[in-house]
Amino acid sequence: MSDQPTLFERIIAREIPSDIVFEDENYIAIRDIAPKAPVHLLVIPKRMTPRVDAITDAAEMGELWLTAVKVARQHAEDYRLVVNCGTGGGQVIFHTHIHVLAGWEHGPDSDT
């Protein structure tokens, strides 16, 4: 693990600009800069853990998922929540985050 702040820590600290769609005391949600869906948001805890399975407190895990649902419902009626865990699971930024994917007219396997 690097001593350098993660990209998300730098966004939270406002060192790097981002399109913030939600923020409270514990979480921030931003638009993904390389979207994989018409709506692609990232829900990020302000407390840094490198991957979601590093969260061992049930209340903290529940709050993370409830926040992701809250953000998703603000942007879409139907949505997908995705977590990549570790390099083999597709994780690129090692700071826990949940992807909110939505906005397809005919579902995620359609072209729209």
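The coordinates are above.
Heads up: these notes are all about the structure in this document. (Residues numbered from 1 in each chain as written. Predicted model: local features only at pLDDT ≥ 70, side-chain atom pairs only at ≥ 80, totals over all residues. Heavy atoms only, no water.)

**Looking at the overall build of the protein chain**
For clarity, the cut-off: By the criteria applied, helices consist of DSSP H or I runs no shorter than four residues and strands consist of E runs no shorter than two, each listed in order from the N terminus. Burial here depends on accessible area, computed with a 1.4 Å probe over protein chains only, as a share of the maximum for the residue type. Under 20% is buried, over 50% is exposed, and the range in between is partly exposed. Note on areas: Shrake-Rupley, 1.4 Å probe, and residue coverage restricted to the protein chains presented here. Under the counting rule used here, the positive set is Lys and Arg, the negative set is Asp and Glu, and His together with the chain ends is not counted. Taken as the charge location is NZ of Lys, CZ of Arg, CG of Asp or CD of Glu.
When you go through the protein chain residue by residue, the secondary structure sums to two helices and five strands. Its helices and strands taken in sequence order, the protein chain reads α-β-β-β-α-β-β from the N to the C terminus. If one aligns the C-alpha atoms of the protein chain with their principal axes, the spans along those axes are about 45 × 30 × 30 Å. Split into buried and exposed, the 112 residues of the protein chain put 35% on the buried side. For the protein chain, the accessible area works out to roughly 6700 Å², and carbon and sulfur atoms hold 51% of it. Put simply, the protein chain has 10 plus and 17 minus side-chain charges, and the middle of one group is 2 Å from the middle of the other.

**What to know about the sheet that holds strand E1 (residues 20-23)**
As a reminder of what qualifies: Here a strand pair is declared whenever DSSP counts at least two bridges between the two strands. An axis is simply a line fitted to the C-alpha atoms; with a helix, the fit covers only the stretch in contact. Between two such axes, the angle follows the N-to-C directions and lies from 0 to 180 degrees.
In space, the five strands of this open sheet follow the order E1-E2-E3-E5-E4, with antiparallel pairing throughout. A strand with exactly one partner marks an edge of an open sheet, and here the two such strands are E1 and strand E4 (79-82). When strand polarity is set aside, the average angle formed by the axes of neighbouring strands in this sheet is 20°. Note that strand E3 (residues 39-45) and strand E5 (residues 98-102) share five bridges and pair antiparallel. Each residue of the ladder has a partner; that of Leu42, found in E5, is His99.

**Considering the pairing of E3**
One face of the sheet, then the other: side chains in a regular strand alternate in exactly this way. Where burial is concerned, most of E3 is hidden: seven out of the seven residues are buried. Of the two faces of E3, the one lined by Val39, Leu41, Val43 and Pro45 and the one lined by His40, Leu42 and Ile44 are each fully buried. Across five bridges, strand E2 (residues 27-31) lies against E3 in antiparallel orientation. Within E3, the position partnered with Ile28 by the bridge is Ile44.

**A few points about the side chain of Thr6**
Short version of the rule: Nitrogen and oxygen atoms within 3.5 Å of one another constitute a polar contact, given that in protein one can donate a hydrogen and the other can accept it, and given that sequence-neighbouring residues count only through two side-chain atoms. Contacts were defined at the residue level, with two residues in contact if any of their heavy atoms lie within 4.5 Å.
Assignment of secondary structure puts Thr6 in the segment before helix H1 (7-12). Looking at Thr6, its side chain comes within polar contact range of the side chain of His95, at 3.0 Å. Beyond its immediate stretch of four places on either side in the chain, Thr6 contacts Met48, Phe94 and His95.

**Section: the pattern of salt bridges**
Threshold: Between Lys or Arg on one side and Asp or Glu on the other, a salt bridge is scored when a side-chain nitrogen of the former is within 4 Å of a carboxyl oxygen of the latter.
Applying the stated criterion across every chain, the model contains six salt bridges. Between Arg10 and Glu15 there is a salt bridge whose closest N-O contact spans 3.0 Å. Residue Arg10 is classed as partly exposed on the basis of its relative accessible area of 33%. Put simply, Asp19 and Arg31 hold a salt bridge, and the shortest N to O gap is 3.0 Å.

**Considerations on the environment of Leu42**
Considering the arrangement of structural elements, one finds Leu42 in strand E3. When its relative accessible area of 5% is taken as the criterion, Leu42 is described as buried. If sequence neighbours within four positions are ignored, Leu42 has contacts with Phe8, Ile28, Ala29, Ile30, Asp32, His97, Ile98 and His99.

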